[in-house]
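Now for the letters of each chain:
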2 protein chains.
Amino acid sequence: MRAGDRAYRTLRTEILDGELEPGTVLQEVEQSTRLGVSRTPVREALRQLAADGLVEASGRGTVVTAVERDDIVSLYELREALEAKAAGLAAQRHEDAPFLAIRDRLREAPQLLAQGEEGLVAYFAIVDDLDDAIEAAVANPFLATALRSVQLHSARIRRLSRHNPERLRAAAGEHLLIVDAILARDPELASHATHVHLHMSLTNALATSADAA
Amino acid sequence: MRAGDRAYRTLRTEILDGELEPGTVLQEVEQSTRLGVSRTPVREALRQLAADGLVEASGRGTVVTAVERDDIVSLYELREALEAKAAGLAAQRHEDAPFLAIRDRLREAPQLLAQGEEGLVAYFAIVDDLDDAIEAAVANPFLATALRSVQLHSARIRRLSRHNPERLRAAAGEHLLIVDAILARDPELASHATHVHLHMSLTNALATSADAA
DNA sequence: GCGGCCATCCGTGTATACATTGAGGTCGGA
DNA sequence: TCCGACCTCAATGTATACACGGATGGCCGC
């Protein structure tokens, strides 16, 4: 793989996982020595991260962006617009098979969530697969790009609800509703179920971030 | 200004204006000599254009992407999700002043559109200002980024309706409805008026592209 | 002692040299 | 004559040297 891509993925993972905290200054020479590549691929990675909105060029050096409360609200406004639309379109045009498979897996989610850390990982894998299935069903490259952008930022704040099993069980139920609506080919219901899910998710995220603050 | 930004803007303008037609291969050395900068800024510009979706890395060299009929439909699906949401939010939270100004200008649009090329430019300036006013009113950086992306691609296909005065007059009326809905602080009406406008715009764009083909 | 100015240094911006990879053409053998 | 392999070349990927600019710290003057 190209060194630039590796640098990008490494830095992105570190930012999403919170290893690189908001406010951290990423200097080109410093990162190039740390990652073992020259400045050129590092620059490329930083540019791409800036395009993603994960870092910000700030005069001297590039800074990891913060996730403020207002940002969470803003992100969820965009998510609602995109994901409600996507769910509606997926309800109109999709193959049943992948959604049937995801439905079965979601039904097992409560048991999964009782199994600690590895169950958590497995649960998030289901959610990610649902996102992928919807993206594939919608078959809209522009919408797909926009969705991937919000998923990136969502992953960053997902850590907020990570240790709230009760919320995650509820979320699994909401996801199941969305899948059922898609399988029922009911666009309006799929949209509204998505709206409901995002509303609950936002409420929880805000409460959690308020606790953390 | 930085050479990389200049290269990016130059190439972007050329692509949007159709000077660089879809399928054109942009090679780094070739462009660097043409633009009078070294490969480094050109690379940066090409990367950014790729992130915008205006070019595509294709094995050897970077190729200007095409705008197929399916792409137009896909783009409008995304536009509907984003712009309907944005119009609704703008209706809920905005300062009246900029929208009052735009309303007055839109009322003069029919006269403007009778004035040939320079009137056309003036008209598109109003539409762009409306986009900016909505973006400012919504005050959502994530949504703003997504909107800018679709505006970029919309500008590319705007050329299709450029020489259809009848359609443009109708579009001015539709924009006026949206502005009125925002000023009336009626989110649902603003969303639906946007939906209607995009539907008409898409219908026209598809008809025009079918003629061109 | 404080404030402003100048010099220096650090970090990014740009150019270019070197490495690598992949595609296309040509030559040889079946 | 056709197929395949190897070689060559060109274009991208990477590294590094040089240019430029701003910020900071020290020094001088008031």
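Provided above is the structure to which this section pertains.
To start, this report covers the structure provided alongside it.

What counts as what
Residues numbered from 1 in each chain as written. Chains lettered and ligands numbered in written order. Predicted model: local features only at pLDDT ≥ 70, side-chain atom pairs only at ≥ 80, totals over all residues. Helix = DSSP H or I, 4+ residues; strand = E, 2+ residues; numbered from the N terminus. Buried ≥ 20, exposed ≤ 12 C-beta atoms within 10 Å, placed from the backbone. Contact = placed C-beta atoms within 7 Å. Near = placed C-beta within 6 Å. Nonpolar A, V, L, I, M, F, W, Y, C, P; charged D, E, K, R; others polar. Core = buried A, V, L, I, M, F, W, Y, C linked by C-beta atoms within 7 Å. Pairing = 2+ DSSP bridges. Least-squares fit on C-alpha atoms with pLDDT ≥ 70 in both. Axes fitted to C-alpha atoms, helices over the stretch in contact; angles between N-to-C directions. Parallel < 35°, antiparallel > 145°, perpendicular 65-115°, else oblique. Left-handed = near helix turned anticlockwise from the far one by under 90°. Expected span 1.5 Å × (residues − 1).

**Concerning the overall build of chain A**
In terms of regular secondary structure, chain A is built from ten helices and three strands. The helix and strand sequence of chain A, counted from the amino end, reads α-β-α-α-β-β-α-α-α-α-α-α-α. Each of the three principal axes of chain A carries a C-alpha extent, and together these read 55 × 40 × 30 Å. Going through the 213 residues of chain A one by one, you find that 35% of them count as buried. Taking contacts inside chain A between residues at least 6 apart in sequence as the whole, the part at least 24 apart equals 73%.

**Here's the deal with the protein's contact with DNA strand D**
Taken together, 15 residues are adjacent to DNA strand D, and Arg 2, Ala 3, Ser 38 and Thr 40 of chain A together with Glu 28 of chain B come closest. Among the elements of the structure, helix H1 (3–16) and helix H3 (39–52) of chain A together with helix H2 (28–35) of chain B are those that each provide at least two residues to the surface near DNA strand D. Here the surface near DNA strand D is built from residues that sort into four nonpolar, six polar and five charged.

**Looking at the interface of chain A and chain B**
Contact residues are listed per partner, giving 18 residues for chain A and 18 residues for chain B. Among the elements of the structure, H3, helix H4 (69–92) and helix H8 (141–158) of chain A are those that each provide at least two residues to the side of chain A that touches chain B. Among the elements that make up the side of chain A that touches chain B, the one with the highest residue count is H4 of chain A (eight residues). The residue inventory of the side of chain A that touches chain B, partitioned by class, reads ten nonpolar, four polar and four charged.

**Considering the nonpolar core**
Ala 90 of chain A together with Ala 90 of chain B are the most contacted members of the largest nonpolar core, which has 80 residues in total. Not counting residues within four places of it along the chain, the set of residues in contact with Ala 90 of chain A comprises Ile 134, Ala 137, Val 138, Ile 182 and Ala 190 of chain A.

**Some words on the environment of Glu 117 of chain A**
All names here are of chain A. By the element assignment, Glu 117 lies in helix H7 (residues 116–138). The class for Glu 117 is exposed, based on 8 C-beta atoms found within 10 Å. In this structure, the C-alpha to C-alpha distance between Glu 117 and Asn 164, residues 47 residues apart in sequence, is 12 Å.

**Comments concerning the sheet that holds strand E2 (residues 55–57) of chain B**
Residue and element names in this part refer to chain B. The antiparallel open sheet is built from three strands, whose spatial order is E1-E3-E2. Each end of this open sheet is capped by a strand with a single partner; those strands are strand E1 (25–26) and E2. Across two bridges, the pairing between E1 and strand E3 (residues 62–64) is antiparallel. By the bridge assignment for E3, Val 25 is matched with Val 63.

**Section: the relation of the copies chain A and chain B**
Expressed as a screw transformation, the operator carrying chain A onto chain B has a rotation angle of 180° and an axial translation of 0.0 Å, and the superposed copies differ by an RMSD of 0.0 Å. A rotation of that kind, with that shift, is consistent with a two-fold axis. Closest approach to the rotation axis within chain A is made by the C-alpha atom of Ala 81 of chain A, at a distance of 2.7 Å. When the interface residues of chain A are mapped onto chain B, 100% of them again fall at the interface, so both copies present the same face.

**Here's the deal with the sheet that holds strand E1 (residues 25–26) of chain A**
Residue and element names in this part refer to chain A. Strand order in the open sheet formed by three strands is E1-E3-E2, and the pairing between neighbours is antiparallel. Only two strands of the sheet have a single neighbouring strand rather than two, namely E1 and strand E2 (55–57). The sheet contacts of H3 involve E1, E2 and strand E3 (62–64), and relative to E2 the element is tilted by about 110°.

**As for the protein's contact with DNA strand C**
For DNA strand C, the set of nearby residues contains 15 residues, the closest of which are Gln 27 and Glu 28 of chain A together with Arg 2, Ala 3 and Ser 38 of chain B. Looking at the surface near DNA strand C, the elements that each hand over two or more residues are helix H2 (28–35) of chain A together with helix H1 (3–16) and helix H3 (39–52) of chain B. In terms of residue count, the dominant contributor to the surface near DNA strand C is H3 of chain B (three residues). Across the surface near DNA strand C, the residue classes tally to four nonpolar, six polar and five charged.

**Here we look at the packing of helix H5 (residues 96–107) of chain B against helix H7 (residues 116–138) of chain B**
Angle between the axes and distance between the axes are the two parameters that describe a pair of packed helices. Residue and element names in this part refer to chain B. Contact geometry for H5 and H7: axes closest at 10 Å, N-to-C directions at 160°. The orientation of H5 with respect to H7, classified from their angle, is roughly antiparallel. As H5 packs across H7, the resulting crossing turns out to be left-handed. Between H5 and H7, the residues in contact are Pro 98, Phe 99, Ile 102, Arg 105 and Leu 106 and Ile 126, Asp 129, Leu 130 and Ala 133, respectively. When its residues are assigned to classes, the contact of H5 with H7 shows seven nonpolar, no polar and two charged.

**Comments concerning helix H9 (residues 165–183) of chain A**
All names here are of chain A. With 19 residues, H9 extends 27 Å from end C-alpha to end C-alpha; this agrees with the ideal 27 Å at 1.5 Å per step. Among the residues of H9, those classed as buried are Leu 168, Ala 171, Ala 172, His 175, Ile 178, Val 179, Ala 181 and Ile 182. Taken from the residues just after H9, Arg 185 is the one with a positive phi, measuring 55°.

Read these as geometric descriptors, not functional statements.
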